[in-house]
Amino acid sequence: MLRNTLWNLLGEGLPMAAALLSIPWLISAVGMERFGALTLIWALLGYLGVLDLGLGRSLVQVVADRIGHAGGQGDGQGEGSANTAGIAGPAIALMGAIGLLTGGVVALGAGLLADRFQLETGTSPDEIRFSLLVAAAIVPIALVSAGLRGVLEAHQRFRPISLVRMTVGVLNYLSPLFVLPFSQSLVPVIAAIAVGRFIGLVGYGVLAVGQVPDLLRPGRWGRPSLRGLFTMSAWMMLNNLVGPAMLYADRFILLSLVPAAMVAFYTTPFELLSRLMVIPGALSLALFPLASSLFRRDPPALGRILDAGGHLTLAVFLAMQAATIVGGETALELWLGPAFAANSASVLSILMLGVFFNATAYVPNTLIQSVGRVDVTARLQLAELPVYLGVLWLLAERYGAVGAAAAWSLRTAVDCGLLLVLLPRVAPGTGTVALTIGLRALLAGVAGLAGLLVGGPVGAAISLAGLLAVGLGVAGRLLRTRSWEKLAAPLRKNRAVPLPAALPAPRMNGQAIDGAAADRP
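The present account deals with the structure reproduced in this document. (Residues numbered from 1 in each chain as written. Predicted model: local features only at pLDDT ≥ 70, side-chain atom pairs only at ≥ 80, totals over all residues. Heavy atoms only, no water.)

## A short note on the overall build of the protein chain
Threshold: Counting from the N terminus, the helices are DSSP H or I runs at least four residues long and the strands are E runs at least two residues long. Here a residue-residue contact requires only that any non-hydrogen atoms of the pair lie within 4.5 Å.
Helix and strand counts for the protein chain stand at 18 helices and two strands. Excluding contacts between residues fewer than 6 apart, the proportion of contacts in the protein chain whose partners are at least 24 apart in sequence is 84%.

Below is the structure:
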């Protein structure tokens, strides 16, 4: 688990470093107007990725469940390969078709989009139009790549996945630099990015076919029913839509209530702290297929996964919360000046509490989705959204940026608590660990809140003392149980053990979503 998490972090971190290196050169070479258009095209490609209908993430769960159902033998030749390809092949083909359709819509609307870009950037409409046509070709490449990557994630091939992701991410930012000596037009810049994406597609394709050879043999796909996959992907897409709405609603509401200059005191620390989410994100990426596979074969493993992943997350973010208390205001002052720090330090401290709860929620959220109950997390977000928007409006209207930060952190705390309460209902055997993690997160939150209310050096001392007490308990748990060393043991030792007939398939809305059932005509 730790090794896979580190590979995931590396896969995310190296492209970020490449972005930091290349962006100043790109701005200098193509000018601010063209770079503005380039960032909008990057954003457009990112938003279009949501249109995979949630199939990419759902495919990981269903294929991993099939591997678990087959006793770990869905990773090679023969029956296991055909079993996996029976659902993965049609799903990837469908994602390719969606990508072609979406890319076609972008291509048809390139002229209208080019006029809109022209109004904002002053760049030539023809240049923008041809750039969008090239970007349209990237859409099906990106969606098929997501499907192939899902197959590899289900088989926990995180090292090669990260190598390909690093290559694509680095090329996304550095490849444009190679064409700049010959042209400053956006068209070859986007074309260079498209070449990098195609290299990634080939890399994922070679790896996926090597893992599941029958992906290239449609005749062996059988006649699978995709109903279970579609049910899960619909809920997954709802998660993907509601989540960003709650993430970005605060800025729009705050902007409507306070001067635009004041919004920066909120958005700047928010953007800074949100980068920390790459850590629990990398951990969850490693845990998702592992939990999906083990749920059918070794249900108690979910408790060990929650124990290890939850306490590791607590340990990391307790340290980050303490670091924010000790040096957050000083860091803001050195980075953006004393005036900015004076207005934003309290916002930073409040948001750090929210980030702590948000990070703690990643593992239970991942486990709920890994057993096929994506509907639980989607319904929870739908229920939270109107309440959050109302509280956000009230607090932001009265307290400005501090109120918006308090509303967001309160929502993440409630969300974390509800996920830990709901997890044992869908994954029996996790209740004791969920209660332990929930109580420790609550104590850490109370310590942080007490420090904020008291304020000054005394408040900081209160918070640090509370965080230290909780941290000692978390560290003791990790050292005593060493549960992270046991997580993959069932996969290594029970490759040939058939699935006990008594274990139920994961269900959604009363319907089984296991892979074997989906293959019946």
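Once you've had a look at it, read on.
## Looking at the packing of helix 6 (residues 158-179) against helix 7 (residues 186-211)
Going by this rule: Axis definition: a line fitted to C-alpha atoms, limited for helices to the stretch in contact. Angles are taken between N-to-C directions and run from 0 to 180 degrees. In these notes the angle categories are as follows: under 35 degrees is roughly parallel, over 145 is roughly antiparallel, 65 to 115 is roughly perpendicular, and the rest is oblique. The sense of a crossing depends on the near helix, which, turned anticlockwise from the far helix by less than a right angle, makes the crossing left-handed and, turned clockwise, makes it right-handed.
Axis separation between helix 6 and helix 7 bottoms out at 8 Å; the angle between their running directions is 165°. Here helix 7 runs roughly antiparallel to helix 6, going by the angle between their axes. For the pair helix 6 and helix 7, the sense of crossing is right-handed. On the side of helix 6, the interface is formed by Pro-160, Ile-161, Val-164, Arg-165, Val-168, Leu-171, Asn-172, Ser-175, Pro-176 and Val-179, while helix 7 contributes Pro-188, Val-189, Ala-192, Ile-193, Gly-196, Arg-197, Ile-199, Gly-200, Gly-203, Tyr-204 and Leu-207.

## Regarding the nonpolar core
Rules: Think of a nonpolar core as a cluster: buried Ala, Val, Leu, Ile, Met, Phe, Trp, Tyr and Cys residues, connected wherever their side-chain atoms sit within 4.5 Å. Relative accessibility decides the category of a residue: with a 1.4 Å probe and only protein chains considered, values under 20% of the type maximum give buried, values over 50% give exposed, and everything between is partly exposed.
Leu-254, Tyr-266, Ile-305, Leu-306, Leu-351, Phe-356 and Leu-367 are the most contacted members of the largest nonpolar core, which has 64 residues in total. Per element, the largest residue contribution to this core is 14 residues, and it comes from helix 12 (residues 338-370). Membership of the second largest hydrophobic core comes to 20 residues, among which are Leu-26, Ile-138, Leu-177 and Leu-186.

## Side note on a nonpolar patch on the surface
What counts, and what does not: Within this analysis, patches are made of residues with over 30% relative accessible area and no salt bridge. Like charges are joined at 9 Å or less; nonpolar side chains (Val, Leu, Ile, Met, Phe, Trp, Tyr) at 5 Å or less. Throughout, the Shrake-Rupley method with a 1.4 Å probe supplies accessible areas, and for residues the shown protein chains are the sole cover considered. Counted as salt bridges are all cases of a side-chain nitrogen of Lys or Arg within 4 Å of a carboxyl oxygen of Asp or Glu.
There is a patch of nonpolar side chains on the surface, built from Leu-435, Leu-439, Leu-442 and Val-446 and spanning about 380 Å² of accessible area. Mapped onto the elements, Leu-439 comes out in helix 15 (residues 431-454).

## Quick look at the environment of Ala-97
Of note, Ala-97 is situated in helix 3 (residues 78-108). The class for Ala-97 is partly exposed, based on a relative accessible area of 42%.

## Some thoughts on the packing of aromatic side chains
Between two aromatic rings, the relevant description is the distance of the centres plus the angle of the planes. In plain terms, the rule: Classification of ring pairs uses Phe, Tyr and Trp, with its six-membered ring standing for Trp, and accepts pairs whose centres are within 6.5 Å; under 30 degrees between planes counts as stacked, over 60 as edge-to-face, and the remaining range as tilted. Put simply, a charge is over a ring when the Lys NZ or the Arg CZ is close to the ring centre, within 6 Å, and near the line of the ring normal, within 35 degrees.
A full pass over the atoms with the stated rule returns three aromatic pairs. Taking 5.0 Å as the distance between ring centres and 75° as the angle between the ring planes, the aromatic pair formed by Phe-270 and Trp-408 counts as edge-to-face. One end of the pair, Phe-270, is in helix 9 (residues 260-274); the other, Trp-408, is in helix 14 (residues 401-426), with 138 residues separating them in the sequence. Assessed through its relative accessible area of 5%, Phe-270 is described here as buried. A network of ring pairs unites the aromatic residues Tyr-266, Phe-270 and Trp-408 as a single cluster. It is Arg-129 that lies over the ring of Phe-130; its NZ or CZ is 5.8 Å from the centre.

Read these as spatial facts, not as claims about activity.
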